Amino acid sequence: MERFLRFVDDIGGLGSLTYRTFSCMFRQKIDWEQLVQQMDRAGVGSWSIATLAAVFTGAVLALQFATGLQPYGASLYTGKLVALGIVRELGPTLTAVLVGGRVGAGFTAELGSMTVTEQVDAIEALGADPVQKLVVPRMLACLIMLPLLTVLADFVGCLGGMLATVAEVGVTPRFYVEQIVDTIWVVDLFHGLFKSVFFGYFIAIIGCYTGLKTTGGTEGVGRSTTDSVVAISVAVLVGNFFLTKLFLVVYG
């Protein structure tokens, strides 16, 4: 019962922080210097891990599909399945989980340290809004950079799939690219980007909320960081199901 009440309290806290964040975002001046700094940390600092994961995910998908379709004589269509799997699902979801583990944990550790050392209280004492100063730049950075990282992961994932397909099936790169062009439509790209915006929100709001409610000194910071990574991963995976269902209902 205690865990359930704590969960309900956290949902309420996340909702309250979301309202305050977007209110500040649209009503107050944005700190562009902080925004650029957070975009660099969230996007530029995460591109390597996103591309590394995407290229090998695309290659593994191609190997699995090429092997599985071979008994049916359909290995030539491996490119279609890899492209759909990467663009619609694995590109945005895998990128969000990896970036969430890196960036979300960083948000929690940084804000958690500021909270336990009373720096957040000092900001309030000076008459500034901690949400405007600390949360809004991180939220905007995730909302902007995660879709861009997803596009990069989609491209690199399809490239990894092409390398594996050409090696295993024996098709030409041109044939593989033509299959992708024939299969992927704008609505498929929108499907993945639509999800990535929500995933960026999950990463920022959970990372910042967990950091701001940290207690217990340095030990509490470590505990909050672990909780943040777990919560972000669960939110992304569960949210992916419901967002996919919503998208399929709307667009068929």
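Further up the page is the structure itself.
Caption draft 1: Highlighting a nonpolar patch on the surface. There is a patch of nonpolar side chains on the surface, built from Trp185, Val187, Phe190, Leu246, Val249, Val250 and Tyr251 and spanning about 720 Å² of accessible area. Elements with a contribution of two residues or more to the nonpolar patch: helix 8 (186-212) and helix 9 (217-251). For the nonpolar patch, the element with the highest residue contribution is helix 9, accounting for 4 residues. With respect to the helices and strands, the residue Val187 is situated in helix 8.

Caption draft 2: Focus on helix 4 (residues 78-116). Its maximal kink placed at Ile86, helix 4 deviates by approximately 50 degrees. Looking one or two residues beyond helix 4, the residue adopting positive phi is Glu118, at roughly 65 degrees.

Caption draft 3: Broad picture of the pattern of salt bridges. Taken as a whole and assessed by the stated rule, the structure comprises 7 salt bridges. Note that Asp188 and Arg88 form a salt bridge whose closest N and O atoms lie 2.7 Å from each other. Pair noted here: Asp188 is in helix 8 and Arg88 is in helix 4, with a separation of 100 residues, a long-range link. Among the ionic pairs, Arg174 bridges to Glu178, the shortest N-O distance being 3.3 Å. Of this pair, Arg174 and Glu178 both sit in helix 7 (residues 173-183), 4 residues apart, which is roughly one turn of the helix. Through salt bridges with shared partners, a single ionic network connects Arg41, Glu110 and Arg138.

Caption draft 4: Representation of the packing of aromatic side chains within the structure. A full pass over the atoms with the stated rule returns 8 aromatic pairs. Summarising the aromatic geometry, the rings of Phe194 and Phe247 are spaced 6.4 Å apart at their centres and angled 45 degrees between planes, so their arrangement reads as tilted. Placement of the pair is Phe194 in helix 8 and Phe247 in helix 9, with a sequence separation of 53 residues. Taking the relative accessible area as the measure of exposure, Phe194 reaches 22% and is therefore partly exposed. When its relative accessible area of 3% is taken as the criterion, Phe247 is described as buried. Measuring from centroid to centroid gives 5.2 Å for Phe241 and Phe242, while their planes differ by 80 degrees, and the two rings are edge-to-face. Note on accessibility: Phe241 and Phe242 belong to one class, exposed. One aromatic cluster in this structure is built from Phe22, Phe199, Tyr201 and Phe202.

What counts, and at which threshold
- Residues numbered from 1 in each chain as written.
- Predicted model: local features only at pLDDT ≥ 70, side-chain atom pairs only at ≥ 80, totals over all residues.
- Heavy atoms only, no water.
- Patch = residues over 30% accessible without salt bridge, like charges linked within 9 Å, V, L, I, M, F, W, Y side chains within 5 Å.
- Areas by Shrake-Rupley, 256 points an atom, 1.4 Å probe, with all protein chains shown as cover.
- Salt bridge = Lys/Arg side-chain N within 4 Å of Asp/Glu carboxyl O.
- Helix = DSSP H or I, 4+ residues; strand = E, 2+ residues; numbered from the N terminus.
- Bend = angle between axes of the 7 residues up to and from the residue.
- Phe/Tyr/Trp six-rings, centres within 6.5 Å; stacked < 30°, edge-to-face > 60°.
- Buried < 20%, exposed > 50% of the residue type's maximum accessible area, 1.4 Å probe, protein only.

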